[in-house]
Amino acid sequence: MALQMKAVHLSYAVHVLGVAGAVMVLVWNISFRGGLAWSSDNKNLIFNVHPVLMLIGLVIMGGEAIISYKALPFKKAEKKLIHLILHAIALVLGIIGIYMAFKNHNESGIANLYSLHSWLGIGLISLYGIQWIYGFLVFFYPGGTADLRRESLPWHVLFGMFLYILVVANSALGFLEKLTFLENSGLDKYGSEAFLVNFTAIVAILYGTFVLLTALSRGPEEDNHSYSAI
């Protein structure tokens, strides 16, 4: 299925929503939650790094990587490299983000991997890594045969889309889980922080939606080599 809209036009909404989401999650964790820290006596500051890196990494950078083939007016080799690098950045930030959640739990005496959000998170980061490694080996270096690349591409795209949908969904689940904990600890359910968290999750969902729409739309006319929409 291919949408007749031009991908570059939809990509503008992706960029705007991405900036908005990054600003909102930073404002939440710096202004409302007290800041970010790699190490601190206040263990909450360590945890604050987790939602920041997960949203900016897997959701935003991952989304930019997905639309790079359709939204950028570059040659195939250049777009392939950008796609690879952005996904690598997303993966690294995601790994660090998950590490910070474990670090916070371990230093605070909180159990690990007890929620659906955490289970999905471990599974998704593992699959993200496998997807990146497979893409690197088959499509970049050393590169598979022409037949292998041709047969792998539709599945690589399909699995990547499916994985990204789950990443966005789990991000929203993480916002819900954290906000529920905060509200159970006395946070005003109708206060400014609660609204900010909910709207940040909504922006993340809208961002993911426009990423998928962009990926399913028409790429640059002069490019006959980018992947076809599903």
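Everything numeric in this text was worked out from a predicted model, so none of it was measured.

Q: Sorry if this is basic, but what is going on with the side chain of His-105 here?
A: Looking at the secondary structure, you find His-105 in helix 3 (residues 76-108). Leave out the neighbours within four places in its chain, and His-105 touches Ile-110, Ala-111, Asn-112 and Tyr-114.

Q: What should I look at first to understand helix 2 (residues 43-71) in this one?
A: Every α-helix carries 3.6 residues per turn, so stepping three or four residues along brings you back to the same face. If you check helix 2, its first and last C-alpha atoms are 40 Å apart, about what 29 residues at 1.5 Å a residue would give, namely 42 Å. At Ala-65, helix 2 shows its strongest bend, of approximately 25°. Counting buried residues in helix 2 gives 26 out of 29 residues, a clear majority hidden from the surface.

Q: Quick question: what am I supposed to make of helix 1 (residues 7-32) here?
A: Here helix 1 contains 26 residues, and its C-alpha end-to-end distance of 36 Å stays within 8% of the 38 Å for a straight helix at 1.5 Å per residue. For helix 1, the set of buried residues is Ala-7, Leu-10, Ser-11, Val-14, Leu-17, Gly-18, Gly-21, Ala-22, Met-24, Val-25, Trp-28 and Asn-29. Against helix 2, helix 5 (146-184) and helix 6 (192-215) lie the buried residues of helix 1.

Q: Explain the pattern of salt bridges here, please?
A: Working definition: two side chains of opposite charge can pair if their charged atoms are close together. By the definition in use, this model includes 4 salt bridges. One salt bridge connects Glu-193 with Arg-33, and the closest N-O pair in it is separated by 2.7 Å. In this pair, Glu-193 sits in helix 6 while Arg-33 sits in the loop between helix 1 and helix 2, placing the two residues 160 residues apart along the sequence. Note on Arg-33: relative accessible area 24%, which makes it partly exposed.

Q: I tried to follow the packing of aromatic side chains on my own but got confused; where do I start?
A: Aromatic rings in a pair are described by how distant their centres are and how their planes are angled relative to each other. A complete count under the given rule lists 4 aromatic pairs for this structure. Taking the centre distance of 5.4 Å and the plane angle of 20° together, the rings of Trp-132 and Phe-136 count as stacked. Taken together, the residues Trp-132 and Phe-136, both in helix 4 (residues 116-140) and 4 residues apart, mark about one turn of the helix. Note on Phe-136: relative accessible area 24%, which makes it partly exposed. For the ring pair Phe-136 and Phe-140, a centre distance of 5.4 Å and an interplane angle of 40° mean the geometry is tilted.

Q: Sorry if this is basic, but what is going on with the packing of helix 1 against helix 6 here?
A: Each pair of packed helices gets described by two things: the angle between the helix axes and the distance between those axes. Between helix 1 and helix 6, the least distance of the axes is 8 Å, while the angle of their chain directions is 155°. Taken as axis vectors, helix 1 and helix 6 run roughly antiparallel relative to one another. Of the two elements, helix 1 crosses helix 6, and the hand of that crossing is left-handed. Looking at side-chain class alone, the contact of helix 1 with helix 6 contains 20 nonpolar, 6 polar and 1 charged residues.

Q: How should I be thinking about unusual backbone geometry in this particular structure?
A: The phi angle of most residues is negative, glycine excepted, and most peptide bonds adopt the trans form. The step from Tyr-141 to Pro-142 runs through a cis peptide bond, and the omega angle for that step is 0°. If you trace the backbone, Pro-142 turns up in the loop between helix 4 and helix 5. For Leu-113, which is not a glycine, the phi torsion comes out positive at approximately 55°. Topologically, Leu-113 is positioned in the loop between helix 3 and helix 4.

Q: Looking at this structure, how should I read the packing of helix 3 against helix 4?
A: Close contact between helix 3 and helix 4 brings their axes to 10 Å; oriented N to C, the two are set at 155°. The angle between helix 3 and helix 4 places the two elements in the roughly antiparallel class. Relative to helix 4, helix 3 is oriented so that their crossing is left-handed. Contacts between helix 3 and helix 4 involve Lys-80, Leu-81, Leu-84, His-87, Ala-88, Ala-90, Leu-91, Gly-94, Ile-95, Ile-98 and Phe-102 from the former and Gly-121, Ile-122, Ile-125, Tyr-128, Gly-129, Trp-132, Phe-136, Phe-139 and Phe-140 from the latter.

Q: Explanation requested: the side chain of His-50 in the structure shown.
A: With respect to the element layout, His-50 can be found in helix 2. By relative accessible area, His-50 is classed as buried at 12%. Within polar-contact distance, the side chain of His-50 engages the backbone oxygen of Gly-97 at 2.7 Å. What His-50 contacts, discounting residues up to four positions off in sequence, is Gly-97, Ile-98, Met-100, Ala-101 and His-117.

Quick notes on the rules
Residues numbered from 1 in each chain as written. Predicted model: local features only at pLDDT ≥ 70, side-chain atom pairs only at ≥ 80, totals over all residues. Heavy atoms only, no water. Helix = DSSP H or I, 4+ residues; strand = E, 2+ residues; numbered from the N terminus. Contact = heavy atoms within 4.5 Å. Expected span 1.5 Å × (residues − 1). Bend = angle between axes of the 7 residues up to and from the residue. Buried < 20%, exposed > 50% of the residue type's maximum accessible area, 1.4 Å probe, protein only. Salt bridge = Lys/Arg side-chain N within 4 Å of Asp/Glu carboxyl O. Phe/Tyr/Trp six-rings, centres within 6.5 Å; stacked < 30°, edge-to-face > 60°. Axes fitted to C-alpha atoms, helices over the stretch in contact; angles between N-to-C directions. Parallel < 35°, antiparallel > 145°, perpendicular 65-115°, else oblique. Left-handed = near helix turned anticlockwise from the far one by under 90°. Nonpolar A, V, L, I, M, F, W, Y, C, P; charged D, E, K, R; others polar. Polar contact = N/O pair within 3.5 Å; in protein donor to acceptor, adjacent residues only side chain to side chain.

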